[in-house]
Amino acid sequence: MNSSSYLLHSSCPSCGAEIGIHSATAVTAVCGYCHSVLLINQNKLVQSGRHSAVLNDLSPLQIGTTGVWQGKPFTLIGRMQVNYDAGSWNEWHALMHDGSSAWLSEANDRFVFTRLQPALPDLRALPEFNSLKIGNTFFKYKERRYAVADIRNIQRGQYAAEGELPIPLPRSETARVADCRNGASFITLDYSDGEAQPQVFAGKGIALKSLRLQNTRTPEQIRTRAGHVKGSTKRGKCPNCGGEIRWVSGVADYVVCQYCRSQLDMGEETAQLHATSEMRQQQESLLTIKIGSRARIGNESWWVLGAMVLYEVPVNKVMQDVPLYIQVAEHEETEAETLGWTEYLLYSPKKGFLWLLELENNQWALASTLDDWPALNRPLEPIDFRKDEIPFLYDYAAQVLYAAGAFYWQVAPGDSMYYVDYGCEQRKLSTTLTRNEQSWSVVSSIPASLVAAWFQGNKNISIKAKPLPADKAVKIVREHQSIKAKDFTIGNIRKWRLQTVMKPDIDVRTANFWMALFIVLNFPIFFMIFVGGLANNNFGITPLILHFITYALLVKIPYRKWGIFEPTDNTKKYNLYLAALIVIIFTWGNYAAFNNQSNSVNSSHGGYYGSGGRWHK
């Protein structure tokens, strides 16, 4: 922007610095030199007696960034920043080409463009703030119904600003805001002024690349202002235990020490002790992928910022009032160690965030948070464009057992989440709910060979699979990233299921694989029992008992520690040697028992087809 675009050109009454005002609706300006908060009154700048300076976060956005939203050019001319105990978010004031104002919200890894809406004539049209509830509230606004996505009731918030704002900078430390979504539609309900009915800001979630941004912050500009480049790896010492911690600057607000699990606040890019948790165990189970590792996905480098180890808990422990239209899945009672999984947070300076999930038995998945939600018939009932319900898979709940590395929100052991999955096993439309937040993601199952391809240059990471060729690895990732909520139609789900049947993912590190092999090897026994007569072979009771015993052993034994048979990298991985030994022993035992019984029948009745046989009666 140049001085010719100024509507008001004046000097700061506090320090004398030159200040230009671009927006006719601006009521507040912050001096970029002395950080004085100035009021615009009758084309004059008046001191308010306040000072405001935003934290040196490393957003790619800045005052003067330009772009296009809904076909209309805009320029960012101001920012309001809200900081509170659990994090912070930015509200960028966008001056549209026609002189009107809009807001670009930046919270965690999501961006939303909104505009203030006229007040509704019906004073009871919208719910009260205290009645809002994640997973249950569903209300109507302008012919569309909305579910609550995020509730922020902040009692000790701190407001800061820069540039020009169309509103006064709030003095209050209270912020009561709720974000609500349905499909591509988005509204923010702001109850901060204390009125029963909130201000409404309407718009939609967006990806920054869709805005065609210009004049964003370059690495050199970031280095000049903050002293380091966004995405650069930082190292330091935990102030609690002295262990080394790593994080990516400008991305992580909180870090969990991987040694003592202390929560560290990285808001000022130095490790400040936020909270210390007691040592529960001397040594946590080792992560398959180490924090700080780099994955090569196509032509992009991704950092592993953090990892969470979760374990499954009963649904009613996290979500006591599951809506009646959700079919609560029945989970088998299984040892706790088999119900855990690990979620790795990956970050690319150009592509943003991506979740890599490590499941049981060397199974993996990718997850991406959606900018646009699915269309909803109810808060937890997604539908496709034909208004058909997307098939429900299952629901479950989990708690964080252990967290290490850096995250864009505060995470701690004991945090609880409730999940509901839809679609099919290969492609899932998944929603995650906490007490104050709900999000939707696309989850795609991927082969272990894909993960091996990403980290094949890292000698410290060993994935039990042969790396995929580079072109196939890139294709799988692109297919995952191209899937949106609207793609979950009945037809597409059937197609994905068929692809899974036509191209089964055979994993030798599962009990099902070895049981299938056992059945194939022992099939001749059942065939001969059927031909020879069930009665003559005690109805095949002995082979059936051996099959049940074999399956029980294949499910349990290969996961246990057995000395020299134990894998060296991870004690919880499926042991192929023990599984093969079980199959060999019980296959031999099955044939031996069958032969003994056959010899007994032959000696007593003269063989299967003799005169005493049942076929001639």
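Residues numbered from 1 in each chain as written. Predicted model: local features only at pLDDT ≥ 70, side-chain atom pairs only at ≥ 80, totals over all residues. Heavy atoms only, no water.

1. So, the overall build of the protein
Thinking step 1. Across its full length, the protein holds eight helices and 32 strands.
Thinking step 2. Counting all 617 residues of the protein, 48% fall into the buried class.
Thinking step 3. When contacts within the protein are restricted to residue pairs at least 6 apart in sequence, long-range pairs at least 24 apart make up 58% of them. (Helix = DSSP H or I, 4+ residues; strand = E, 2+ residues; numbered from the N terminus. Buried < 20%, exposed > 50% of the residue type's maximum accessible area, 1.4 Å probe, protein only. Contact = heavy atoms within 4.5 Å.)

2. Remarks on the pattern of salt bridges
Any two side chains of opposite charge can pair, on the condition that their charged atoms come close.
Thinking step 1. Considering all chains together, one arrives at six salt bridges under this definition.
Thinking step 2. One salt bridge connects Arg-152 with Asp-150, and the closest N-O pair in it is separated by 3.2 Å.
Thinking step 3. Of the residues examined, Arg-152 reaches a relative accessible area of 11% and is grouped as buried.
Thinking step 4. According to the relative accessible area criterion, Asp-150 is buried, its value standing at 12%.
Thinking step 5. Where Lys-428 meets Glu-425, a salt bridge forms, and the shortest distance between an N and an O atom there is 3.7 Å.
Thinking step 6. By relative accessible area, which is 14% here, Lys-428 ends up buried.
Thinking step 7. Counted as one network, the salt bridges with shared partners bring together Asp-150, Arg-152 and Asp-179. (Salt bridge = Lys/Arg side-chain N within 4 Å of Asp/Glu carboxyl O.)

3. A closer look at the pairing of strand β24 (residues 340-348)
Thinking step 1. Burial analysis of β24 places eight of its nine residues in the buried class, the great majority of the element.
Thinking step 2. One ladder, built from eight bridges, connects strand β23 (residues 300-313) with β24; its direction is antiparallel. Within β24, the residue paired with Leu-310 across the bridge is Trp-341.
Thinking step 3. Here seven bridges tie β24 to strand β25 (residues 352-358), and the two strands are oriented antiparallel to one another. (Pairing = 2+ DSSP bridges.)

4. Overview of the packing of aromatic side chains
Thinking step 1. On inspection of all chains with the given rule, the structure shows 14 aromatic pairs.
Thinking step 2. Where Phe-392 meets Tyr-422, the ring centres are 6.1 Å apart and the plane angle is 75°; that geometry is what we call edge-to-face. In this pair, Phe-392 sits in strand β29 (residues 392-407) while Tyr-422 sits in strand β30 (residues 416-423), placing the two residues 30 residues apart along the sequence.
Thinking step 3. The exposure class assigned to Tyr-422 is buried, which follows from its relative accessible area of 3%.
Thinking step 4. For the pair Phe-488 and Trp-496, a centre-to-centre distance of 5.1 Å together with 70° between the ring planes defines the contact as edge-to-face.
Thinking step 5. Taking relative accessible area as the criterion, Phe-488 reaches 1% and is therefore assigned buried. (Phe/Tyr/Trp six-rings, centres within 6.5 Å; stacked < 30°, edge-to-face > 60°.)

5. Structural notes on helix α4 (residues 470-482)
Thinking step 1. Here α4 spans 18 Å end to end across 13 residues, near enough to the 18 Å set by a 1.5 Å rise per residue.
Thinking step 2. Within α4 the residues assigned to the buried category are Ala-473, Val-474, Val-477 and His-480. For α4, the arc enclosing every buried residue in end-on projection is 125°, short of the 170-degree limit, so these residues lie on one face. Pointing more than 90 degrees away from the buried face of α4 are the exposed residues Asp-471, Lys-475 and Arg-478.
Thinking step 3. For α4, the elements touching its buried residues are β22 (294-297), β25, β26 (364-369), β31 (427-433), β32 (438-446) and α3 (448-454). (Expected span 1.5 Å × (residues − 1). Arc of directions from axis to C-beta.)

6. Let's talk about the environment of Val-304
Thinking step 1. Checked against the element boundaries, Val-304 lands in strand β23.
Thinking step 2. Sequence separation of Val-304 and Ile-291 is 13 residues, and the distance between their C-alpha atoms is 5.5 Å.
Thinking step 3. Look past the residues within four positions of Val-304 in its chain and what remains in contact with it is Ile-289, Lys-290, Ile-291, Gly-292, Ser-293, Tyr-344, Leu-345, Leu-346 and Phe-455.

7. Some thoughts on unusual backbone geometry
Generally, phi is negative for residues other than glycine and the peptide bonds are trans, each holding for most cases.
Thinking step 1. You will see that Gln-70, though not glycine, has its phi angle at about 55°, which is positive.
Thinking step 2. Position of Gln-70 relative to the elements: it lies in the loop between β6 (66-69) and β7 (72-84).
Thinking step 3. For Asn-215, which is not a glycine, the phi torsion comes out positive at approximately 60°.
Thinking step 4. Considering the arrangement of structural elements, one finds Asn-215 in the loop between β16 (199-206) and α1 (219-226).
Thinking step 5. For Asn-215, a relative accessible area of 41% gives the class partly exposed.

8. Description of the nonpolar core
Thinking step 1. Counting 41 residues, the largest nonpolar core has Phe-139, Ile-187, Leu-189 and Leu-429 as the members making the most contacts within it.
Thinking step 2. The element best represented in this core is strand β12 (residues 144-154), accounting for five residues.
Thinking step 3. Sequence-distant contacts of Ile-187, that is, excluding residues within four places in its chain, are made with Phe-139, Tyr-141, Tyr-146, Ala-178, Asp-179, Cys-180, Val-200, Phe-201 and Ala-202.
Thinking step 4. Within the second largest apolar cluster, 30 residues are counted, among which are Leu-354, Trp-364, Tyr-402 and Ile-461. (Core = buried A, V, L, I, M, F, W, Y, C linked by side-chain atoms within 4.5 Å.)

9. Description of the side chain of Arg-181
Thinking step 1. Relative to the assigned elements, Arg-181 resides in strand β14 (residues 175-182).
Thinking step 2. Side-chain polar atoms of Arg-181 contact the backbone oxygen of Asp-371, separated by 2.8 Å.
Thinking step 3. The contacts of Arg-181, once residues within four sequence positions are left out, are Val-112, Tyr-146, Ala-147, Ala-149, Phe-186, Gly-205, Asp-371, Trp-373 and Leu-376. (Polar contact = N/O pair within 3.5 Å; in protein donor to acceptor, adjacent residues only side chain to side chain.)

10. Brief notes about a nonpolar patch on the surface
Thinking step 1. A cluster of nonpolar side chains, namely Phe-523, Phe-527, Met-528, Phe-530 and Val-531, defines an oily patch on the protein surface of about 520 Å² accessible area.
Thinking step 2. Secondary-structure assignment places Phe-530 in helix α6 (residues 511-532). (Patch = residues over 30% accessible without salt bridge, like charges linked within 9 Å, V, L, I, M, F, W, Y side chains within 5 Å. Areas by Shrake-Rupley, 256 points an atom, 1.4 Å probe, with all protein chains shown as cover.)

11. A few points about the pairing of β30
Thinking step 1. With seven of its eight residues buried, β30 lies for the most part within the structure.
Thinking step 2. As paired strands, β30 and β31 are joined by six bridges and run antiparallel to one another. For Tyr-419, the partnering residue across the bridge sits in β31 and is Thr-432.
Thinking step 3. What sits between β30 and β31 in their antiparallel hairpin is a turn of three residues.

Interpretation note: all reported values are geometric properties and have no functional meaning in isolation.
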